[in-house]
Amino acid sequence: MKVILNHTNIDGIPLLEYYQENVAPHSLVFLQHGYESTKEYGCDYLGIELARRGYLAVAIDAYKHGERIEEPYITGSSKERLEEVMTVIKKTSFDIIRLFRSRYADKFDKFDIVGVSLGGMIAYYTAMKTNHIKGLFPVISTPDFKSQAQYAAKGVSAEADITFTKEQLDYIDSMNPILHVEELTYDSLHVFVGTEDDIVPHEAQKMFFDQYKRPTDSYHKYPVGHSVIREMQLDLFAALDKVNNLKK
């Protein structure tokens, strides 16, 4: 069994496709890396393992990250980088939807999306903009964009006084999934959190899940900080297989 890594660029979007050689994939899953990471660093292990399980896994560099890195993520300040996050979320989400329509929709009706940290926020926002998501898998992430932005701002306050204008907060709220639950469309939600996470606190995710959970949804918690441990990965694979009706 040989896993192929196809490194390509589609309409300016750098991506990696992971799949088995000479095997038609049974399902499509997008993998989205976290803040200031890359498709390779954030997704390689997940992509290779999912390909071995028969998936077509697709990882893209987020907007202004990886191969398409731009300011402020080269020399910009923490304040400038943080202020650009909502644009990164929006543009990356639209890239995923555009790729699905142009490259994969002829073979797959729907896709799963796994997002780590910032990637999970991208996954949530994508679920507001398309009805083609089967399983939504936010990992050490949050659906509450404003609370996270304000929390992150406090985290770097030693470097700079980071405060958001009313216009900025209104913009964040316009994109905030926790305020637009009626726009979220997915077949099932599978959440993975670290209970000791001091980068993306898990409380907002827990409140959201408890309020909106459905019988097909699942919540997984681990006594760790902002990291994806092996147990979490194995549970993620099992949840993906269940969503796709696979027996392992």
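It should be emphasised that the depicted structure is a prediction, and the values quoted were computed from it without experimental measurement. (Residues numbered from 1 in each chain as written. Predicted model: local features only at pLDDT ≥ 70, side-chain atom pairs only at ≥ 80, totals over all residues. Heavy atoms only, no water.)

Draft legend 1. Quick look at the overall build of the chain. Of the regular secondary structure elements, the chain holds eight helices and eight strands. On C-alpha atoms alone, the chain measures out to a radius of gyration of 17 Å, which is about the 18 Å that the 2.2 N^0.38 rule sets for 248 residues. Structurally, the chain occupies a C-alpha span of about 55 × 40 × 30 Å along its principal axes. Evaluated residue by residue, the chain yields a buried proportion of 53% over its 248 residues. (Helix = DSSP H or I, 4+ residues; strand = E, 2+ residues; numbered from the N terminus. Rg over C-alpha atoms; globule rule 2.2 N^0.38 Å. Buried < 20%, exposed > 50% of the residue type's maximum accessible area, 1.4 Å probe, protein only.)

Draft legend 2. Structural detail: unusual backbone geometry. Between Glu71 and Pro72 the backbone carries a cis peptide bond, its omega angle lying at 10°. On the secondary structure map, Pro72 appears in the loop between strand E4 (55–60) and helix H2 (78–83). Phi angles above zero are rare outside glycine, and Asn22 is one such case at about 60°. The exposure class assigned to Asn22 is exposed, which follows from its relative accessible area of 77%. Notably, Lys64 is not glycine yet its phi reads approximately 65°, a positive angle. Here Lys64 lies in the loop between E4 and H2.

Draft legend 3. Focus on the layout of surface pockets. Approximately 460 Å³ is the volume attributed to the largest pocket. Lining the largest pocket are 21 residues; nearest its centre among them are Tyr35, Leu82, Gln148, Ala152 and Ile199. Elements with a contribution of two residues or more to the lining of the largest pocket: H2, helix H3 (85–104), helix H4 (118–129) and helix H5 (145–155). Here the lining of the largest pocket gets six residues from one element, more than from any other, and that element is H5. Tallied by class, residues from the lining of the largest pocket come to 13 nonpolar, five polar and three charged. Considered as a void within the structure, the second largest pocket measures approximately 320 Å³ in volume. Considering the residues around the second largest pocket, the lining is formed by 17 residues, among which Ser37, Tyr41, Gly42, Val116 and Val228 are closest to the centre. Counting residues per element, the lining of the second largest pocket draws most heavily on helix H1 (residues 39–52), which supplies six residues. Broken down by class, the residue content of the lining of the second largest pocket amounts to eight nonpolar, eight polar and one charged. (1 Å grid on protein atoms, 1.4 Å probe; cavity = no way out; pocket = protein on both sides within 12 Å on 5 of 7 lines; lining within 4 Å. Points joined across faces, edges and corners; volume = space filled by probe spheres on them. Nonpolar A, V, L, I, M, F, W, Y, C, P; charged D, E, K, R; others polar.)

Draft legend 4. Structural detail: the environment of Ala204. Mapped onto the fold, Ala204 is located in helix H7 (residues 203–212). Counting along the chain gives 67 residues from Ala204 to Phe137, while the straight-line C-alpha distance between them is 16 Å. Setting aside residues no more than four positions away along its own chain, Ala204 makes contact with Thr142, Pro143 and Asp144. (Contact = heavy atoms within 4.5 Å.)

Draft legend 5. Local environment of the pairing of E4. For E4, the buried fraction is high: six of the six residues fall into the buried class. On E4, burial covers both faces: Tyr55, Ala57 and Ala59 on one face and Leu56, Val58 and Ile60 on the other are all buried. In this structure, strand E2 (residues 13–20) lies alongside E4, joined through four bridges in antiparallel fashion. By the bridge assignment, Tyr18 is partnered in E4 with Ala57. You can see the chain leave strand E3 (residues 27–32), run along H1 and come back into E4, and the turn it takes is right-handed. (Pairing = 2+ DSSP bridges. Right-handed = clockwise from strand over helix to strand, strands pointing away.)

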